[in-house]
Protein chains: 4
Amino acid sequence: MVPTTMRALMKPGPVAGAVLRTVDVPRPGPRDVLVRVLAASICGTDLHIYNWDEWAAGRLHPPMIFGHEFCGEIIQCGSEVDNVEVGDYIACETHVICHTCYQCRTGQGHVCENVSIVGVDRPGIFADYAVIPAENAWKTDRRFPAEIATLQEPFGNAVHTALSGPITAKSVLVSGCGPLGLFSIALCRFAGASNVFATELTPMRRELAKKVGVTAVFDPSKDDVVDRVHELNGGAGVDVLLETSGAAAAIETGFKSLKYGGRASLLGLPSKPFMFDFTNQIIFKGALVNGISGRKMFDTWYSTRALLEGGLDLSPIITHRLPLEEFEQAFELLRSGQCGKIVFKIAEPSWAPGGASR
Amino acid sequence: MVPTTMRALMKPGPVAGAVLRTVDVPRPGPRDVLVRVLAASICGTDLHIYNWDEWAAGRLHPPMIFGHEFCGEIIQCGSEVDNVEVGDYIACETHVICHTCYQCRTGQGHVCENVSIVGVDRPGIFADYAVIPAENAWKTDRRFPAEIATLQEPFGNAVHTALSGPITAKSVLVSGCGPLGLFSIALCRFAGASNVFATELTPMRRELAKKVGVTAVFDPSKDDVVDRVHELNGGAGVDVLLETSGAAAAIETGFKSLKYGGRASLLGLPSKPFMFDFTNQIIFKGALVNGISGRKMFDTWYSTRALLEGGLDLSPIITHRLPLEEFEQAFELLRSGQCGKIVFKIAEPSWAPGGASR
Amino acid sequence: MVPTTMRALMKPGPVAGAVLRTVDVPRPGPRDVLVRVLAASICGTDLHIYNWDEWAAGRLHPPMIFGHEFCGEIIQCGSEVDNVEVGDYIACETHVICHTCYQCRTGQGHVCENVSIVGVDRPGIFADYAVIPAENAWKTDRRFPAEIATLQEPFGNAVHTALSGPITAKSVLVSGCGPLGLFSIALCRFAGASNVFATELTPMRRELAKKVGVTAVFDPSKDDVVDRVHELNGGAGVDVLLETSGAAAAIETGFKSLKYGGRASLLGLPSKPFMFDFTNQIIFKGALVNGISGRKMFDTWYSTRALLEGGLDLSPIITHRLPLEEFEQAFELLRSGQCGKIVFKIAEPSWAPGGASR
Amino acid sequence: MVPTTMRALMKPGPVAGAVLRTVDVPRPGPRDVLVRVLAASICGTDLHIYNWDEWAAGRLHPPMIFGHEFCGEIIQCGSEVDNVEVGDYIACETHVICHTCYQCRTGQGHVCENVSIVGVDRPGIFADYAVIPAENAWKTDRRFPAEIATLQEPFGNAVHTALSGPITAKSVLVSGCGPLGLFSIALCRFAGASNVFATELTPMRRELAKKVGVTAVFDPSKDDVVDRVHELNGGAGVDVLLETSGAAAAIETGFKSLKYGGRASLLGLPSKPFMFDFTNQIIFKGALVNGISGRKMFDTWYSTRALLEGGLDLSPIITHRLPLEEFEQAFELLRSGQCGKIVFKIAEPSWAPGGASR
């Protein structure tokens, strides 16, 4: 039985903050599914929306529910849905794509020119129930707890970034140790990288970096990162830069730490244009730079599944588990940087823990 | 018989300009060859040296002969030379590499960390004779006239840039129609690109672009390049940006004209850092960006040879052929932009035109 | 007005040959389109079906219409079709894919594990009308005559094969000069390959190879192909083998003509397993071998369009244009090998020649 | 002080077996180094030489010392050597390449057309001292014991094979669990592969496979490998086949276990041509197949170093450590397959264990 109303975290209008309201449970269209949300996690994008910064004000149309990282149990399927069924445990690819643009028709849906993003361009999932297109549902093994299942989406960003080139036997600099940086460090370790360096301003996050296996983590406010990287990396720059911070200074430091002929994969979003030395950092260096958006659909999801099933443990990166009601505390924590990943625990699964996979 | 003295175009000291002097013919070391120069061509780098700009003042150690693009006939070989012989007609790879750094030992000598460049870090070739390492000599078929043979080095830059990803059946924007841009246009046409657009401020160079087969060439001072490219390219951005201008505005326009998921290969050297929007132009766009330095050693040279032998005609790009004595006029022309490629005719080959290849 | 009956070339039962019958015009499902066929071309697969060989007998379920290469005009759209509309001029991707297997979900639909092929696993198009899934319709510019538009599918095979690696500035051996080989030669020339060699037993097809620009074509029954290729290719093996014959002897000769570190792209289908020397032809040689099936969906189609729009002319490869009634002559011709591509002219377009594109 | 004579394991003439003789210590040429051998390991190639099979008889010119996998201490350098020095601890790249062929000049020295292999085409290293070209010496950290340092060469074969495409998050089938297969399994595990399956006829080697972390190892004489792989791999074929056995049956089984669109990297050398179904196993499957020869020079060696320094432990794969005098037992063991890697302990290093790295 699907209830008629639910709790939902809303951006009520064009102002900072959010409110928890009781609203109608949404109804799925013919190609959609209705999902009972079990856990949801907070992305940096959600903080932009919460803060109602310039980007958010220019893109969102409140009132609307926000949030996009989640997992849950399908409780209703639209009439034309045939890829999933009621009872399936799923996570969600949050890019809803057009299937008609050049990118979509050539296997590059992750850069669809007409993308609509859950919780940004269409209603989000910080709620008890959510409707998503069935094709965006990603079936997940019940052996994974909800707090891990919800992480597949943001972890997928890190997987897409790191595995967009060779990592095994390579030295890596991860700039930024927020959740995306921490995911990257854990992944590089799991993938047999040689040295995995990182930079991070916040002491608590540097500690988390150590917990997930960083070779050395630097405080760019004190350490000469470029020198230290070369010193610890046998005199050479790193083979790979995985940029997750979006900070101009970190990007510059990252490129300066990169070997001639190295790869720089950029995931973090600078909030505005900045001065950059293309001549020395990209051209003379013969660098390969790739911008990363979303997750390859669905190559990255298969990789993410394989990594989790293979034993990669993301749980040390979750530092806070909160009920949806404590959203103000959650966003305050995220703003402070005194956290790894924050997960909202929304509901319990309908199946017993450790139950057989479906 | 090797004479004892020769003409040489020198940067006499840390000042603008150059002087043509009579100097001793250099003597080859055991792994070098002495070459009788037949033709030499002028690179943008030579203009920086001639002008004695900040970059030149910080790097060169005058007095020295400059110039690096040339071809000639080997007239003497060092005692340990076994890859070429006296009488060989050669062009010259101008990057003298260390063979011991990581890059050199992994097939990426073009980004050698210890590179020494002919005419920049070591004596150049605007002279009657020149000494280069034998391994940098590239044997050339005598069917090619000297003014074409000397172009292999700069044309190789364009080949390296364009062929660092797919070109056939792709739409391309070449930004800048100096010699490197013109080479790129001619190459894209030869390689079966679909649309080949270009941007260029100088009318004369736009005319040259048309001569070598551009689909449409725009004047960025008047045309809305981004709109026009989309309009003529079926509503889509281009698949590939080949950046040869080094101008910040051209780079920005180029990226804005690039399709989501497109490739941007950067060859032109911006003279200083500039403001760039990584978020929208690289990251959200999922762009692949690669910096191009030199020529792959010697993959690019094999490609260059195959293209010329296959019939790609570079001669329309040569607009001026001058004796070395008229160097002032040559540099004035290059500074004005009223030219394509400028070639110094230094000497005649010792063999009859159309003679059999060696 | 759609008529109720039409002509259709049928495989009436499990026997050799075919019959031209009058049958009901098929009706499109909600995601299908009904197409008025303008031209259709004959594939080697159709000859297998016509001959009712072992492969055909094991796969097809007669009675059924066969044929899969065609173009036409959409005259009716299913209720859910939104990517094309009535009046569109289209060609057809003949692989109908499942969208749910790993391959489909990772951008590799051309190797879908559950593929259903038009004219093989489902009704074909040697008829006045045909129904295909709307997503398989490929809009085509009206400037291209029907006999060219229908070639997009088989030409796409050659495009997929040749462009699965670099071609520009590379030397190539095309083994087999049937239509797929001829398409490959024409494409390699258009893409700026250096030398394009070919092998073919039939004199008439060797003449066609010369017509589309081959550097040299060999008769493997008389010429020592391996020696000749090396001799004409500067002493070296070729960079690329494009295998379109499916003949064991041609594959062996092709690999022996391939350079160490070269690429062999295999499109022709050997009729059964054969003896092959992996040690010397693949392993010691460090060869890269890729099997080609279908066309990348829809990357290859975009490339095919770009090539045709860019001026690549396939018309010299069409040697016979016949009405559907002369199917017996057509299959006899194909069996004899005394032909390039054979096209059935089925109907005239509803628009004036040279009319504006839609 | 270099002694004048030494022990050396020789192939005395064109017959099976070997003899241990006292011979003159070789003298290095100007670009060579003289190495005091510390450990050497036995390759399958050495068994072919010992057995004096058809291949060996057709290639070697006895009398000569054989063996090529080793490590040691440089005790003398030729006059022109500048990349290593006396006292360096080194392993050896056994391909001595020409530097002048197309492959060498384009970064593909591992498939040099004029390669000369240590212990095959030139004197080997089963001896107290050995001379090798200085450029083939690979400096090794003294923290690694000699029995590990000598493994870098054969382990490099496995590294080249496995890392010639993505491994992280991929499912893999390793066919054959001799040393190359065991190295591959250990590497795939270290690199974060999901499932790593293997096939092997010998029970003892299947046990070794389990020791290094295989997901499941099959006995192809009893198990239906193709079925079992699909069953344990979620119903799908594997993403990657790493073929190390060279057995025709294993290659066939391996390809049948491979996913559509998968990669097959072939390292094991079939002793002769065999029947293979290209149509179904490569072409329809859209497989990517690459032949692996040697190690990329020196990319693979950098990777090998990074993997060992990162903690990949090869010691479980060494099953026997023998003095050179027990060579007959060693070859008998290898012939029986009742072993992993066999190492000859030749001498002790001149430095204290655990001494600082040089």
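Residues numbered from 1 in each chain as written. Chains lettered and ligands numbered in written order. Predicted model: local features only at pLDDT ≥ 70, side-chain atom pairs only at ≥ 80, totals over all residues. Heavy atoms only, no water.

K.L.:
So, the nonpolar core: which residues are in play, and what are the values?
P.N.:
Residue and element names in this part refer to chain D. Phe155, Ile167, Ile185 and Leu314 are the most contacted members of the largest nonpolar core, which totals 45 residues. Element by element, the count of residues in this core is highest for helix H6 (residues 179-190), at seven residues. Shared between two domains, this core takes at least three residues from each, and those domains are domain 1 (5-151 + 314-345) and domain 2 (157-291). Setting aside residues up to four positions removed in sequence, Phe155 forms contacts with Phe183, Leu187, Thr304, Leu307, Leu308, Leu312 and Leu314. (Core = buried A, V, L, I, M, F, W, Y, C linked by side-chain atoms within 4.5 Å. Buried < 20%, exposed > 50% of the residue type's maximum accessible area, 1.4 Å probe, protein only. Helix = DSSP H or I, 4+ residues; strand = E, 2+ residues; numbered from the N terminus. Domains from an automatic or database assignment. Contact = heavy atoms within 4.5 Å.)

K.L.:
Kindly report on the domain arrangement of chain A, identifying the contributing residues and their values.
P.N.:
Residue and element names in this part refer to chain A. Assigned domains of chain A: these are domain 1 (5-151 + 314-345) and domain 2 (157-291). Placing a centre on the C-alpha atoms of domain 1 and another on those of domain 2 gives a separation of 28 Å. Taken together, the contact pairs 13 residues of domain 1 with eleven residues of domain 2. Here domain 1 meets domain 2 over a buried area of about 1,000 Å², counting both sides, of which 75% is carbon and sulfur. Of all residues in domain 1, Pro316, Ile317 and Gln338 bury the most surface against domain 2, accounting for 44% of the area lost on that side. Inspection of the domain 1/domain 2 interface yields zero salt bridges. Joining domain 1 to domain 2, the criterion identifies two residue pairs in polar contact (both at pLDDT 80 or more). (Buried area = accessible area lost by both parts, 1.4 Å probe. Salt bridge = Lys/Arg side-chain N within 4 Å of Asp/Glu carboxyl O. Polar contact = N/O pair within 3.5 Å; in protein donor to acceptor, adjacent residues only side chain to side chain.)

K.L.:
An account of helix H12 (residues 327-336) of chain D is requested, with residue identities and associated values reported.
P.N.:
All names here are of chain D. Looking only at H12, the buried set comprises Phe327, Ala330, Phe331, Leu333 and Leu334. Buried residues along H12 cover an arc of 155° about the axis, so they all sit on one side. The inward-facing, buried residues of H12 abut strand S1 (5-11), strand S2 (19-24), helix H1 (44-51), helix H7 (203-211), strand S18 (318-323) and strand S19 (341-345). The positive-phi residue at the C-terminal boundary of H12 is Gly337, with phi of around 75°. (Arc of directions from axis to C-beta.)

K.L.:
Any details on the pattern of salt bridges? Residues and values, ideally.
P.N.:
Evaluation of the coordinates by the stated rule reveals 76 salt bridges over all chains. Close ionic contact of B:Lys341 with B:Glu69 constitutes a salt bridge, the shortest N to O distance being 3.0 Å. With a gap of 272 residues between them, B:Lys341 in strand S19 (residues 341-345) and B:Glu69 in strand S5 (residues 69-77) connect regions that are remote in the sequence. Note on B:Glu69: relative accessible area 1%, which makes it buried. The partner of B:Asp141 in a salt bridge is B:Arg143, with the nearest N and O atoms 3.7 Å apart. Residue B:Asp141 is classed as buried on the basis of its relative accessible area, which comes to 17%. Relative accessible area serves as the criterion here: at 49%, B:Arg143 is assigned to the partly exposed category. Taken together, the salt bridges that share partners define one network made up of A:Arg31, A:Glu80, C:Arg31 and C:Glu80.

K.L.:
Talk me through the relation of the copies chain B and chain A; I want residue IDs and the actual numbers.
P.N.:
Mapping chain B onto chain A is achieved by rotating through 180° and translating by 0.0 Å along the same axis, at an RMSD of 0.0 Å. The superposition of one copy onto the other is thereby described by a two-fold rotation axis. Closest to the rotation axis within chain B is the C-alpha of B:Met275, separated from it by 2.1 Å. The share of interface residues of chain B whose copies in chain A are also at the interface is 100%, consistent with both copies meeting through the same surface. (Least-squares fit on C-alpha atoms with pLDDT ≥ 70 in both.)

K.L.:
Residues and numbers for the packing of aromatic side chains, please.
P.N.:
Enumeration over the complete set of coordinates arrives at 66 aromatic pairs over all chains. Between C:Phe155 and C:Phe183, the aromatic rings sit 5.6 Å apart at their centres with planes inclined by 65°, giving edge-to-face as the arrangement. Placement of C:Phe155 in helix H5 (residues 152-162) and of C:Phe183 in helix H6 (residues 179-190) is noted, with a sequence separation of 28 residues between them. Among the aromatic side chains, those forming a connected cluster through ring pairs are A:Phe255, A:Phe274, A:Phe276, A:Phe278, B:Phe255, B:Phe274, B:Phe276 and B:Phe278. Above the ring of C:Trp351, the side-chain terminus of C:Arg142 is found at 3.9 Å from the ring centroid. (Phe/Tyr/Trp six-rings, centres within 6.5 Å; stacked < 30°, edge-to-face > 60°. Lys NZ or Arg CZ within 6 Å of the ring centre and 35° of its normal.)

K.L.:
Any details on the interface of chain B and chain A? Residues and values, ideally.
P.N.:
Chain B puts 34 residues into the contact, and the matching count from chain A is 34 residues. Summed over both sides, the interface between chain B and chain A buries roughly 3,100 Å², with carbon and sulfur atoms accounting for 67% of that surface. Taken as a group, B:Tyr260, B:Phe278 and B:Ile283 account for 20% of the area that chain B buries against chain A, more than any other trio of residues on that side. Scanning the region where chain B abuts chain A turns up nine residue pairs in polar contact (both at pLDDT 80 or more). Elements with a minimum of two residues in the side of chain B that touches chain A: helix H3 (102-105), strand S15 (258-266), strand S16 (274-276), helix H10 (278-283) and strand S17 (288-291) of chain B. When grouped by side-chain class, the residues that make up the side of chain B that touches chain A number 19 nonpolar, nine polar and six charged. Relative to S17(B), strand S17 (residues 288-291) of chain A runs antiparallel, the two sharing three bridges. Within S17(B), the position partnered with A:Asn290 by the bridge is B:Leu288. (Nonpolar A, V, L, I, M, F, W, Y, C, P; charged D, E, K, R; others polar. Pairing = 2+ DSSP bridges.)

K.L.:
Kindly report on the packing of helix H5 (residues 152-162) of chain A against helix H11 (residues 299-309) of chain A, identifying the contributing residues and their values.
P.N.:
All names here are of chain A. Packing of H5 against H11 leaves a shortest axis separation of 9 Å and a crossing angle of 105°. Considering their axes alone, H5 and H11 lie roughly perpendicular with respect to each other. Across the interface between the two elements, Gln152, Glu153, Phe155, Gly156, Val159 and His160 from H5 touch Thr300, Trp301, Ser303, Thr304, Leu307 and Leu308 from H11. Split by residue class, the contact of H5 with H11 holds five nonpolar, six polar and one charged. (Axes fitted to C-alpha atoms, helices over the stretch in contact; angles between N-to-C directions. Parallel < 35°, antiparallel > 145°, perpendicular 65-115°, else oblique.)

K.L.:
Talk me through the relation of the copies chain D and chain C; I want residue IDs and the actual numbers.
P.N.:
If you rotate chain D by 180° and push it 0.0 Å along the axis, it lands on chain C with an RMSD of 0.0 Å. The share of interface residues of chain D whose copies in chain C are also at the interface is 100%, consistent with both copies meeting through the same surface.

K.L.:
Describe the sheet that holds strand S2 (residues 19-24) of chain B, listing the residues and the values that go with them.
P.N.:
Paired through backbone hydrogen bonds, the strands of a sheet run either parallel or antiparallel to each other. Residue and element names in this part refer to chain B. The antiparallel open sheet is built from three strands, whose spatial order is S2-S1-S4. Either end of the sheet is taken by a strand with one partner, and the two such strands are S2 and strand S4 (64-65). As paired strands, strand S1 (residues 5-11) and S4 are joined by two bridges and run antiparallel to one another. Looking at the pairing, Met10 lines up with Ile65 of S4.

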